[in-house]
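Structural description and commentary
Each chain, letter by letter, is given below.
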Number of protein chains: 2
Amino acid sequence: MIDKGMLITVSGPSGSGKGTVLGELVKKRDDVKISVSMTTRQNRNGEIDGINYYFVSKEYFEKKINEGSMLEYAQYAGNYYGTPKEPVDEMLKAGKAVILEIDVQGADKIKEIYPDVIRIFIMPPSASVLERRLRGRNTEDEETINHRLVIAKGEMKMASEYDFIVINDKLDSAVKDVETIIDAERLKASRNKIFLSEVINNV
Amino acid sequence: MIDKGMLITVSGPSGSGKGTVLGELVKKRDDVKISVSMTTRQNRNGEIDGINYYFVSKEYFEKKINEGSMLEYAQYAGNYYGTPKEPVDEMLKAGKAVILEIDVQGADKIKEIYPDVIRIFIMPPSASVLERRLRGRNTEDEETINHRLVIAKGEMKMASEYDFIVINDKLDSAVKDVETIIDAERLKASRNKIFLSEVINNV
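Values in this document were obtained by computation on a predicted structure and should not be read as measured data.

Across the contact, 34 residues belong to chain B and 34 residues belong to chain A. Summed over both sides, the interface between chain B and chain A buries roughly 3,000 Å², with carbon and sulfur atoms accounting for 81% of that surface. Considering only the surface of chain B that becomes buried against chain A, Leu-187, Ile-200 and Val-203 of chain B emerge as the three largest contributors, covering 21% of it. Along the contact surface separating chain B from chain A lie zero salt bridges. On inspection of chain B and its partner chain A, the count reaches eight residue pairs in polar contact (both at pLDDT 80 or more). For the side of chain B that touches chain A, the secondary-structure elements that each account for two or more residues are helix H5 (127–136), helix H6 (142–156), strand S9 (164–167), helix H7 (171–186) and helix H8 (193–202) of chain B. If you tally residues by element for the side of chain B that touches chain A, the top one is H8 of chain B, at six residues. Its residues assigned to classes, the side of chain B that touches chain A shows 22 nonpolar, five polar and seven charged.

This is how it looks when you write it as structure tokens:
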């Protein structure tokens, strides 16, 4: 009945809790899958290949870039990070809602390739909660905290250009909001053309 | 937190059950209101002024047209039917989701005036159910039934140009789908600019 899957990018500043929201979401929903990124950085702290990342060599990553097999990629601190195209396309073909957890720049690149992508921005409920979350989870000095707040502010300034805003105040409610966006998207007329033709042709 | 209300048109062929879906929806949701149409036809079968329609004289209706106070209007069988602008604007200002139950032509006119309108098309689950519903509710002859099916088919051909399709197979599920569309719409970034500015300005 539904024509195909949908691609979703989820962005948000450090302290928005986007990773936690997505982790809870995939536990609840079999039709939602998170794309696993590929990286050349070292596997650490028991991270599992194929779950947290695909861990590959620099040579392999560059071969994939040259083959046009990466949806998007970037370099941080001398390592590559990116989204391999093939698993995303396969999950889309299987009708899944495929989520890329990705930064603001990455989301822009995806929008160029998939104009129909649904872009969600996860927001903290207030500036004070954001600051508390950034302070709470590390022991860094004041300068580092302030630097993170400046970066978060810059990212949040892009939020108004996204399709949807999900406010992560209470986790359950934020997860429910992402589900609502996916459920509404499945009701789009453009995703139900096969069903429409079937009914019309039988009248 | 939400910038303002939203305007929604709901269309669908005879036999889609759109009136029943909307009736159940407003019972459940205080933030959803249905616009009451104005007409010059006679009040019948205990219809209540201000609930089923605003019943007015031809002179009054034409005065409203000339004042530019009608969002849209049409004539059927010598009577005017239309949507008065003022109550719609007031409900929108109060942050409500305002629904116009309106035919395909009316929905097109509304889209010209309010480009942000959300257009929902209620579909029967299949051609055979549509036919059964059209036969079930009256004692008309074969020719009349066939005429109604042709009209329904013409309307459903427009459905792919709508924003959303709601399939009315089970009533509860169709009502839930319209709620999902409204809930997702409230998460649109464009409807949360005030909230975004508040957070950003306080970082």
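Moving on from the coordinates now.
Turning our attention to the relation of the copies chain B and chain A. Once chain B has been moved 0.0 Å along the axis and rotated by 180°, it coincides with chain A to within an RMSD of 0.0 Å. In the structure described here, the two chain copies are related by an operation that fits a two-fold rotation axis. An overlap of 100% is found between the interface residues of chain B and their copies at the interface of chain A, pointing to a shared contact surface.

Core analysis: the biggest nonpolar cluster contains 42 residues, and Ile-8 and Ile-120 of chain A together with Ile-8 and Ile-120 of chain B have the highest contact counts within it. Sequence-distant contacts of Ile-8 of chain B, defined by excluding residues within four places in its chain, comprise Ala-97, Val-98, Ile-99, Leu-100, Val-117, Ile-118, Ile-120 and Ile-182 of chain B.

What follows covers the sheet that holds strand S4 (residues 54–55) of chain B. Residues and elements named next belong to chain B. Read across the sheet, four strands follow the order S4-S3-S6-S5 without closing on themselves; strand pairing throughout is mixed. Where the open sheet ends on each side, the last strands, each with one partner, are S4 and strand S5 (70–76). Bridge count between strand S3 (residues 38–39) and strand S6 (residues 79–84): two bridges; the pairing is antiparallel. Of the residues in S6, the one forming a bridge with Met-38 is Gly-82. The sheet strands contacting helix H3 (residues 85–93) are S5 and S6, and the helix crosses S6 at an angle near 25°.

Cut-offs and rules
Residue indices follow the written sequence of each chain, beginning from 1 at its first position. Labels are handed out in written order, letters beginning with A for the chains and numbers beginning with 1 for the ligands. The model is predicted, so local features are restricted to residues of pLDDT at least 70 and side-chain atom pairs to those at 80 or more, both for listing and for counting; the totals for chains, interfaces and linings are taken over all residues. Each side-chain value is worked out from all heavy atoms of the structure, with water and hydrogens disregarded. Any two residues whose heavy atoms approach within 4.5 Å at even a single point are treated as in contact. Throughout, the accessible surface (probe 1.4 Å) given up by two parts as they are put together, summed over both, is called the buried area. A pair is scored as a salt bridge if a Lys or Arg side-chain nitrogen falls within 4 Å of a carboxyl oxygen belonging to Asp or Glu. As used in this structure description, the phrase polar contact means that two N or O atoms lie within 3.5 Å; if the pair is within protein, one of them must be able to donate a hydrogen and the other to accept it, and residues adjacent in sequence are counted only when both atoms belong to side chains. Runs of H or I in DSSP of at least four residues are treated as helices and runs of E of at least two as strands, each being numbered from the N terminus. In this classification, Asp, Glu, Lys and Arg are treated as charged, Ala, Val, Leu, Ile, Met, Phe, Trp, Tyr, Cys and Pro as nonpolar, and every other residue, Gly included, as polar. Residues reaching a pLDDT of at least 70 in both copies supply the C-alpha atoms on which the copies are superposed by least squares. Put simply, buried Ala, Val, Leu, Ile, Met, Phe, Trp, Tyr and Cys residues joined by side-chain atoms within 4.5 Å make one nonpolar core. Burial status follows relative accessibility: with a 1.4 Å probe on protein chains alone, a residue under 20% of its type maximum counts as buried, one over 50% as exposed, and anything between as partly exposed. Here, any two strands with at least 2 DSSP bridges between them count as paired. Axis lines are fitted to C-alpha atoms, over the contacting stretch for helices. Their N-to-C directions set the angle, which ranges from 0 to 180 degrees.

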